[in-house]
Amino acid sequence: MKRFAAFFLIMTGACLYAADSGVSWGAAGAKNERDLSVPAMLKYAIEDEFLARAEYDRIIKKFGKIRPFSSIIKAEERHIQWLKDEYKNRSLPVPDDRAADFVIVPGSVKEALEAGVTAEIENIAMYRSFLADPELSVPENRQLKDLFTRLMQASENHLAAFRRNLDRS
């Protein structure tokens with residue numbers, strides 16, 4: 001039973017991954033917390049982007065350079081760099097990228113697209129919750145608020161791409 005629970009599949013803001021009760025990453029982790037600090041928001045944001053990149057990388061390795069994964073993975077690289085730049089601006093250490101440890105690739109392209117839809121919905125919800133936080137309204141956090149807005153808009157574009165490709169499958 002413990003072994004089964006350890007590999008229970010859950011959807012997160014970025015990917016389908018195996019987690020035990022001690023793992024709280026990305027949008028799934030952010031969803032379970034209240035009153036997040038700015039460093040915590042940054043942590044969950046970069047983890048979610050790490051998860052997306054790791055998932056799309058494994059999907060491409062399994063199914064080939066299929067769209068939209070082959071184009072969205074490039075966007076995930078940019079998102080990670082934007083977040084790393086924000087970490088640097090705030091003199092904070094960037095968390096280790098452990099996302100590959102959690103990724104499980106879906107069995108088919110259709111399942112991968114469905115996972116992408118769900119992941120982007122969760123990712124958008126995470127960024128909406130961050131943007132609603134009064135902490136981001138203070139002047140020193142304007143750049144971070146702009147960054148989270150861009151990341152949310154990118155996720156909205158990714159969601160549309162996954163839905164289009166899912167409709168064609």
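Owing to the predicted nature of the structure, the values given are computational and were not obtained by experimental measurement. Note that residues are indexed from 1 along each chain, following the sequence as it is written. With the structure being a predicted model, the display of local features is reserved for residues of pLDDT at least 70 and the display and counting of side-chain atom pairs for 80 or more, all residues being used for whole-chain, interface and lining totals. For the side-chain quantities, the full set of heavy atoms in the structure was used; hydrogens and water were omitted.

1. Let's talk about the nonpolar core
By nonpolar core we mean a set of buried residues, namely Ala, Val, Leu, Ile, Met, Phe, Trp, Tyr and Cys, connected to one another through side-chain atoms within 4.5 Å. Accessible area is worked out with a 1.4 Å probe on protein chains only. A residue is then buried under 20% of its type maximum, exposed over 50%, and partly exposed in between. Formed by 45 residues in total, the largest nonpolar core has its most connected members in Leu83, Tyr127, Phe130 and Phe148. In this text, helices come from DSSP runs of H or I with a minimum length of four residues, and strands from runs of E with a minimum of two, each type numbered from the N-terminal end. Mapped by element, the contributors of at least two residues to this core are α2 (26-31), α3 (38-63), α4 (69-89), α5 (109-131) and α6 (142-168). No other element matches α3, which puts 14 residues into this core. We call two residues contacting when some pair of their heavy atoms lies within 4.5 Å. Setting aside anything within four residues of it in sequence, one finds phenylalanine 130 in contact with Ala30, Leu36, Met41, Tyr44, Ala45, Leu136 and Phe148.

2. Notes on the pattern of salt bridges
The rule for a salt bridge is simple: a side-chain nitrogen of Lys or Arg has to be within 4 Å of a carboxyl oxygen of Asp or Glu. The final tally for this structure, using the stated rule, is 7 salt bridges. Here glutamate 122 and lysine 31 are joined by a salt bridge, their closest N and O atoms 2.9 Å apart. Of this pair, glutamate 122 sits in helix α5 while lysine 31 sits in helix α2, and the two are 91 residues apart along the sequence. According to the relative accessible area criterion, lysine 31 is partly exposed, its value standing at 49%. Ionic pairing is found between glutamate 77 and arginine 53, a salt bridge with its closest N-O pair at 3.3 Å. Of the two residues, glutamate 77 is situated in helix α4 and arginine 53 in helix α3; the sequence distance between them amounts to 24 residues. A relative accessible area of 40% places glutamate 77 in the partly exposed class. Classification of arginine 53 as buried rests on a relative accessible area of 18%. Where salt bridges share partners, they join Arg53, Glu77 and Asp97 into one cluster.

3. With respect to α4
Its 21 residues place the ends of α4 30 Å apart at the C-alpha level, agreeing with the 30 Å of an ideal helix rising 1.5 Å per residue. Listed in full, the buried residues belonging to α4 are Phe69, Ser70, Ile72, Ile73, Ala75, Glu76, His79, Ile80, Leu83, Glu86 and Tyr87. Buried residues belonging to α4 abut α3, α5 and α6. For a helix, the expected span equals 1.5 Å multiplied by the residue count minus one.

4. Digging into the packing of aromatic side chains
Paired rings are identified among Phe, Tyr and Trp, the last through its six-membered ring, by centres lying within 6.5 Å, and are further divided according to the angle between planes into stacked (under 30 degrees), edge-to-face (over 60) and tilted (the rest). The tally for this structure, following the rule as stated, stands at 6 aromatic pairs. Ring plane angle 85° and centroid distance 6.0 Å describe the contact between tyrosine 127 and phenylalanine 130, whose orientation is recorded as edge-to-face. Remark: phenylalanine 130 and tyrosine 127 occur in helix α5; sequence separation between them is 3 residues, near one turn of the helix. Owing to a relative accessible area of 0%, tyrosine 127 belongs among the buried residues under this scheme. Ring geometry for tyrosine 127 versus phenylalanine 148: centroids 5.6 Å apart, planes at 40°, classification tilted. Residue tyrosine 127 is found in helix α5, and its partner phenylalanine 148 is found in helix α6; the two are separated by 21 residues along the sequence. Overall, phenylalanine 148 belongs to the buried group, its relative accessible area being 0%. Here the aromatic residues Tyr56, Phe69 and Phe162 are joined through ring pairs into a cluster of three or more. Its guanidinium or amino end placed over the ring of tyrosine 44, lysine 43 lies 4.0 Å from that ring's centre, counting from NZ or CZ. A ring is scored as having a charge over it whenever the NZ atom of a lysine or the CZ atom of an arginine sits within 6 Å of its centre and within 35 degrees of its normal.

5. Quick look at the packing of α3 against α5
Angular values range over 0 to 180 degrees, each being the angle between N-to-C directions of two axes fitted as lines to C-alpha atoms, with helices fitted over their stretch in contact. One way to put it is that α3 packs onto α5 with a least axis distance of 11 Å and a crossing angle of 170°. Considering the angle they form, α3 stands roughly antiparallel to α5. Each of Met41, Tyr44, Ala45, Asp48, Glu49, Glu55, Tyr56, Ile59 and Phe63 in α3 lies in contact with α5, whose residues at this interface are Val109, Ala112, Ala115, Glu120, Asn123, Met126, Tyr127 and Phe130. Under the grouping applied here, Gly and all other residues not named as nonpolar or charged are polar, the nonpolar ones being Ala, Val, Leu, Ile, Met, Phe, Trp, Tyr, Cys and Pro and the charged ones Asp, Glu, Lys and Arg. For the contact of α3 with α5, the class distribution of residues is 12 nonpolar, 1 polar and 4 charged. Here roughly perpendicular refers to angles of 65 to 115 degrees, roughly parallel to angles under 35, roughly antiparallel to angles over 145, and oblique to all remaining angles.

Fair warning: the whole summary comes from geometry, so function is off the table for now.
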